[in-house]
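The residues making up each chain are set out below.
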Amino acid sequence: MDKEFQEEQFTGIIKFTPPLYKQRYQFVKDLVEKHKPKKVADLGCADCTLLWMLKCCNCIEVLVGLDVCATVMKENMHRLSPLPGDYLQPAERSLTVTLHHGSVAHKDPCMLGFDLVTCIELIEHLEESELKKFPEVVFGFMAPSIVVITTPNSEFNPLLPGVILSRHPDHKFEWNRAQFESWALETARSYDYSVEFTGVGHPPTGKENVGFCTQIAVFVRKCPQTIESVQSEKPTEAVYQTVFQAVYPSLKDEKYLQNAVVDEVIFTAQIIKQSLLDHVMSEPEEYSDDLTERELEFQPSADCFSEDLETLVVENSMEPFVDGNVVYIPLTTIFSFPRVNQLCGTFEKFCELIADKVTLSSDGSAVMLSTEYE
């Protein structure tokens, strides 16, 4: 049975809103928004729900889950795969999501170099021998900048009808606040971390003395770990088995960047062409510099046309023109649009990305569009 579902059988009686597990995950997500880690690992990731939430955080580029139960991960890993929309509109950042099968009592080089490590409702599932090894693996070997550990507060248990010994049959222990704080302070002292305590799941009115339902410790490493110290302890062999990996489409990948630039160039050129033809075929007083409602319907991004088309053309002293059945739109005019400029960075890169992908004039200075069907 899923450990979150098992817990909600008890905590649901008190009606935590949102549910307690969501409050824990939101706590982690808020921490991510605050510290902007690029590499995050969730130890004891179980059904991958936290990873699924964190993959939407734009700062994260590497997301890793570890659990001793490969079956549960495999049943839920599809949630971490890219969606069609991720391919249609690739993100600017890169993102790789990986799931490993293994124990937190073992060291593996794939877990080095992380900014944030989360252990949500994990330590109470560890055997005594595993719990003894846990601090050295996480704080000594992995040594991330921040570690978040949550665990049940046993002082809260009498308020949960149906709880006799523990909240979950797989729990090897459940600590009260003094026990958890003692363990956390000793761990922080041993590995040169600071630690602060908080929690989620407020007690009912009149029972505030029992503390939070879930107690949380946030560890922050005091001194940066040097590359030399990491490499000196790095094991020679991997012990975890990779059961899933997904590499998300990203504009840092040349092929996705080229597709995005070409799409933006074609769209921008079509808008310029239509505006030019509307201007040519109408009286001056009837012409409006603003984009028409129909043109705006096809606008891919809100900031794409933050500046007026005619102003852009005048400022760059480059004007599109019609010659017979062909509209010529200078590349410098298209490059001056914010979205195109943002994607490419430099005019040279812009020209490189669209080469052989759009129809250009003989000297390569302008995009050519036919007016035959206008």
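Quick look at the structure, then. Small disclaimer: the values here were computed from a predicted structure and weren't measured. (Residues numbered from 1 in each chain as written. Predicted model: local features only at pLDDT ≥ 70, side-chain atom pairs only at ≥ 80, totals over all residues. Heavy atoms only, no water.)

### Let's talk about the packing of helix α9 (residues 254-280) against helix α14 (residues 347-354)
Selection rule: For helices, the axis comes from a line fit to the C-alpha atoms of the stretch in contact; other axes are also lines fit to C-alpha atoms, and the angle between any two N-to-C directions lies between 0 and 180 degrees. By the criteria applied, helices consist of DSSP H or I runs no shorter than four residues and strands consist of E runs no shorter than two, each listed in order from the N terminus. When describing relative orientation, an angle under 35 degrees is termed roughly parallel and one over 145 degrees roughly antiparallel, while 65 to 115 degrees is termed roughly perpendicular and anything else oblique. It only takes one pair of heavy atoms within 4.5 Å for two residues to be counted as in contact. Classification used: nonpolar for Ala, Val, Leu, Ile, Met, Phe, Trp, Tyr, Cys and Pro, charged for Asp, Glu, Lys and Arg, polar for all others including Gly.
In contact at an axis separation of 9 Å, α9 and α14 are set at 90° when each is read in the N-to-C sense. Relative to α14, the element α9 is oriented roughly perpendicular. Only Lys349, Phe350, Glu352, Leu353 and Ile354 of α14 make contact with α9, whose side of the interface consists of Glu254, Leu257, Gln258, Val261, Val262 and Val265. Of the residues in the contact of α9 with α14, the class split is seven nonpolar, one polar and three charged.

### Quick notes on the packing of aromatic side chains
We count it as follows: Here a pair means two rings of Phe, Tyr or Trp (six-membered ring of Trp) with centres within 6.5 Å. Their orientation is stacked below 30 degrees between planes, edge-to-face above 60, and tilted elsewhere. Partly exposed describes any residue whose relative accessible area lies between the buried limit of under 20% and the exposed limit of over 50%, with all areas from a 1.4 Å probe on protein chains only and scaled to the type maximum. A positively charged side chain is recorded as over a ring if its NZ (Lys) or CZ (Arg) lies within 6 Å of the ring centre. The angle to the ring normal must also be within 35 degrees.
Tallied over the entire structure, the rule returns 16 aromatic pairs. For the ring pair Phe180 and Trp183, a centre distance of 6.4 Å and an interplane angle of 15° mean the geometry is stacked. Here Trp183 and Phe180 lie together in helix α7 (residues 177-190), a separation of three residues that amounts to about one turn. Aromatic side chains Phe335 and Phe347 sit 5.5 Å apart centroid to centroid with 80° between the ring planes, which places their arrangement in the edge-to-face category. Placement of Phe335 in helix α12 (residues 331-335) and of Phe347 in helix α14 is noted, with a sequence separation of 12 residues between them. Residue Phe335 is classed as buried on the basis of its relative accessible area, which comes to 12%. Taken together, Phe134, Phe173, Trp175, Phe180, Trp183 and Phe197 form an aromatic cluster joined through their ring pairs. Lys39 extends its terminal NZ or CZ atom over the ring of Phe114, reaching a point 4.9 Å from the ring centre.

### Some points on the environment of Lys107
Stated formally: Residues adjacent in sequence count toward polar contacts only when both atoms are side-chain atoms; beyond that, a polar contact is any pair of N or O atoms within 3.5 Å, and within protein one must be able to donate a hydrogen and the other to accept it.
On the secondary structure map, Lys107 appears in the loop between β3 (96-101) and β4 (116-120). For the pair Lys107 and Lys133, spaced 26 residues apart in sequence, the C-alpha separation works out to 9.8 Å. Within the structure, the side chain of Lys107 is placed 3.4 Å from the side chain of Glu136, a separation counted as a polar contact.

### Describing the pattern of salt bridges
Threshold: Salt bridges are defined by distance alone: a side-chain nitrogen of Lys or Arg within 4 Å of a carboxyl oxygen of Asp or Glu.
For the structure shown, the criterion picks out 11 salt bridges. In this structure, Glu254 and Lys349 form a salt bridge, with 3.0 Å as the shortest nitrogen-oxygen distance. Of this pair, Glu254 sits in helix α9 while Lys349 sits in helix α14, placing them 95 residues apart in sequence. What makes Glu254 partly exposed here is its relative accessible area of 38%. Of the residues examined, Lys349 reaches a relative accessible area of 22% and is grouped as partly exposed. Where salt bridges share partners, they join Glu254, Lys349 and Glu352 into one cluster.

### Some thoughts on the nonpolar core
Spelled out, the test is: We call a set of buried Ala, Val, Leu, Ile, Met, Phe, Trp, Tyr and Cys residues a nonpolar core when their side-chain atoms join them within 4.5 Å.
The biggest cluster of nonpolar side chains holds 38 residues, and the ones touching the most others in it are Val32, Leu54, Ile60, Leu63, Leu99 and Val148. Elements with a minimum of two residues in this core: α2 (20-35), α3 (49-54), β3, β4, β5 (146-152), β7 (214-221) and β8 (241-247). Looking at which element gives the most residues to this core, the answer is α2, with five residues. With near-sequence residues (within four places) excluded, Val148 lies in contact with Phe27, Leu31, Leu116, Val117, Thr118, Cys119, Ile120, Ile216, Ala217 and Val218. Among the nonpolar cores identified, the runner-up in size contains 33 residues, and Val64, Val104, Met111 and Tyr240 belong to it.

### So, α7
We apply this condition: Multiplying one less than the number of residues by 1.5 Å gives the expected span of a helix. Directions drawn from the helix axis to the C-beta atoms are what define this arc.
Look at α7: 20 Å from first C-alpha to last across 14 residues, which is about the 20 Å you get at 1.5 Å a residue. Turning to α7, its buried residues are Phe180, Trp183, Ala184, Thr187 and Ala188. Angular distribution of buried residues about the axis of α7 spans 130°; they occupy a single face of the element. For α7, the exposed residues set more than 90 degrees away from the buried face come down to Ala178 and Arg189. Packed against the buried residues of α7 are α6 (128-142), β5, β6 (193-200) and β7. Near the N-terminus of α7, the side chain that reaches the backbone nitrogen of Ala178, with its oxygen 3.1 Å away, is that of Asn176. Remark: Asp192 follows α7 within two positions and exhibits a positive phi of approximately 60°.

### Overview of the pairing of strand β10 (residues 326-330)
Which entries qualify depends on this criterion: When DSSP finds two or more bridges between a pair of strands, those strands are recorded as paired.
Within β10, four of the five residues are buried, leaving the element largely enclosed by the surrounding structure. Relative to β10, strand β9 (residues 321-323) runs antiparallel, the two being bridged by three bridges. Of the residues in β10, the one forming a bridge with Phe321 is Tyr328. Linking two consecutive strands that pair antiparallel, namely β9 and β10, is a turn of two residues; a positive phi of about 70° is found at Gly324 within it. In this sheet, strand β11 (residues 366-370) lies alongside β10 in antiparallel orientation, the contact comprising five bridges.

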